[in-house]
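# Close look at the chain arrangement
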Amino acid sequence: MASRSVKLSTKNLSKLKASVGKPKFDRSTVKTGIVHLGVGGFHRSHQAMYTHKVLEEDPNWGICGVGLVPGDKKMQDALSAQDNLYTLMSKTSKATTVEVIGSIVDYLYAGNGGDATAAVINRLASPDTRIASLTVTEKAYTVDDSTGDLDVKNTMIQHDLANPNVPITPVGYIVAGLKKRMDSGMAPYTVLSCDNLPMNGRLMERVVGQYAEIVDPQLANWIKEYTAFPSTMVDRITPSTTDADIEYLSKAYEIEDAWPVCAEDYTQWVIEDKFPLGRPEWEKTGALMVADVEPYELMKLRLLNGSHSALAYLSYLAGHRSVHQAMEDDLVYSFIERYMNAVTPTVPDVPGVDLVAYKDTLRERFSNPNVSDQITRLAEDGSKKMVGFIRGSISELLASGDDTTPVAAAVAGWIRFCRGYDEKGEEIEINDPQALALKETANKTETQGSSDFLKRFLSEEIGSNARFVSQVDGFLQTLDNHGASELLAQLAKTK
């Protein structure tokens, strides 16, 4: 670390360069109105950033971060040494802006159990707490994928059901805090999911309700009657912080920050406006407050997430390893443009959004070299992503008779990738909960065609559609005989 760098802290804010944005509010006057479970990079680049701006006018919405897993101890150590301040670097393809974010005013690490667990529940039960928010990843919702309900066989959920006053899961903590509020005669806080999941509020409401029903039916009824679970749509590409990011911040801006955050400059937050105890005026800082999040969710899932999956497999087979490099390939760019246009008929009207401009922005974001994602990460968990992001589009396009050509090509790329070797015969690591089944079934497509694979991993309907199966089989044959680049070139010619 360069010796001239200034260690990030409240007392050192005045020493930072004029080009660095700093809190425009007195952090000593801020009250904690939000308890947030899971303070990772995305929360700090997204919700905490929006809330930081709100605090300039309203000091009642400070954030108390909560860490539940062992890996969160590092975050506690980093933030506590910096008065819970951190640096946000927002990057376009050509420039970087730097700002110190001050909305996190406290941090509790619950991983040690005992008093630490009690401290989190007490903070949730505090009268000042009006929102309990979460970014804990899909896995932490402890959902049984086969039913969509709470996974009561999950060992961590079983622990919490047996010990509801000393929980270890996010669901257990949310319910423990709500129970303490009910027992104290207080109104419940709003539970705000900010994870990148479709209709995340409905999902959280379901698993919380099912868990509470087992623990205390009276509590479950109280939660059902009085607790709000608004859904949100969140979007901001936030790569993991690297040592190079930390070094760049030190050399270019003379800031010593143990864990800064880097993100693209684009950000979007659509929030279902259901907050019985009030909320920050996030709409003043760029968020969109709406009555129904679902159209925005479908837009993002089918155009952004679906395009990411469509890009991942064919780009990898064509030799690309980062998203921005893939988008520099004219054939990949053309394919993604065609894919987006093909699935657009499956996106409902989205109030206030120009879909043509939205798609243009997506392609621009994918091409940003300063926040480029790794294609291998986009290719992870394909058995879930293809169902969540692409299956619905396929079904609707087949029902309407619209063009499925680029979608079938994307599916063929996924199947070819799942065989577990690239065009040079080198091994591909399939990072997926169903990796073995995917690989076995994908390799059978060489002699048996794609129908069984499609039925098993997408749906019986899709795998039984002769037109779509024929398209996928034809594209697989092209991949086997000529490779991904040739397939992309053929698709560009017939655009």
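Look above for the structure.
Residues numbered from 1 in each chain as written. Predicted model: local features only at pLDDT ≥ 70, side-chain atom pairs only at ≥ 80, totals over all residues. Heavy atoms only, no water.

Time to look at the pattern of salt bridges. Should the charged atoms of two oppositely charged side chains come close, the side chains can pair. Per the stated rule, a full pass over the model turns up 26 salt bridges. Measuring nitrogen to oxygen at the nearest pair gives 2.6 Å for the salt bridge that ties D360 to R363. Placement of both D360 and R363 in helix α13 (residues 355-366) is noted, with a separation of three residues, approximately one turn of the helix. Its relative accessible area of 40% is what places D360 among the partly exposed residues. (Salt bridge = Lys/Arg side-chain N within 4 Å of Asp/Glu carboxyl O. Helix = DSSP H or I, 4+ residues; strand = E, 2+ residues; numbered from the N terminus. Buried < 20%, exposed > 50% of the residue type's maximum accessible area, 1.4 Å probe, protein only.)

A positive phi is found at T142, a non-glycine position, where the angle reads about 50°. By secondary structure assignment, the location of T142 is in the loop between β7 (131-134) and β8 (143-144). Under the relative-accessibility criterion, T142 is labelled buried at 5%. For E254, which is not a glycine, the phi torsion comes out positive at approximately 60°. Along the polypeptide, E254 turns up in the loop between α9 (243-253) and β12 (255-256).

Let us now look at the pairing of strand β11 (residues 232-235). The two faces of β11 match: T232 and V234 on one face and M233 and D235 on the other face are all buried. By the bridge criterion, four bridges tie β11 to strand β14 (residues 268-272) in an arrangement that is antiparallel. When the sheet's bridge partners are listed, D235 is paired in β14 with Q268. (Pairing = 2+ DSSP bridges.)

A rise of 1.5 Å per residue sets the reference length of α13, with its 12 residues, at 16 Å; its end C-alpha atoms lie 16 Å apart and thus fit the reference within 8%. By the burial criterion, the buried members of α13 are L355, Y358, K359, L362, R363, R365 and F366. Along the axis of α13, the buried positions cluster into a sector of 160°, meaning they face one direction only. Turned more than 90 degrees off the buried face of α13, the exposed positions are V356 and E364. Capping the start of α13, D354 holds a side-chain oxygen 3.0 Å from the backbone nitrogen of V356, two or three residues further along. (Expected span 1.5 Å × (residues − 1). Arc of directions from axis to C-beta. Polar contact = N/O pair within 3.5 Å; in protein donor to acceptor, adjacent residues only side chain to side chain.)

This part is about the sheet that holds strand β3 (residues 62-67). With respect to topology, five strands assemble into an open sheet ordered β6-β3-β2-β7-β10, the strand pairing being parallel. With partners counted over all chains shown, the strands left at the sheet margins are β6 (104-109) and β10 (190-193), one partner each. Shown here is a sheet whose adjacent strand axes are inclined to one another by a mean of 25°, direction ignored. (Axes fitted to C-alpha atoms, helices over the stretch in contact; angles between N-to-C directions.)

The next point concerns empty space enclosed by the protein. Here the structure, examined in full by the defined rule, presents one cavity of 30 Å³ or more. Approximately 60 Å³ is the volume attributed to the largest cavity. Looking at the largest cavity, the residues that line it are I237, H308, V323, R365, F366, N368, V371, S372 and D373. Looking at the lining of the largest cavity residue by residue, the class counts come to four nonpolar, three polar and two charged. (1 Å grid on protein atoms, 1.4 Å probe; cavity = no way out; pocket = protein on both sides within 12 Å on 5 of 7 lines; lining within 4 Å. Points joined across faces, edges and corners; volume = space filled by probe spheres on them. Nonpolar A, V, L, I, M, F, W, Y, C, P; charged D, E, K, R; others polar.)

Now for the pairing of β3. Look at any regular strand and the pattern is simple: side chains alternate between the two faces of the sheet. For β3, the buried fraction is high: six of the six residues fall into the buried class. Burial of β3 is two-sided: the residues G62, C64 and V66 facing one way and the residues I63, G65 and G67 facing the other way are all buried. Pairing between strand β2 (residues 32-37) and β3: five bridges, direction parallel. Within the sheet, the bridge partner assigned to I34 lies in β3 and is I63.

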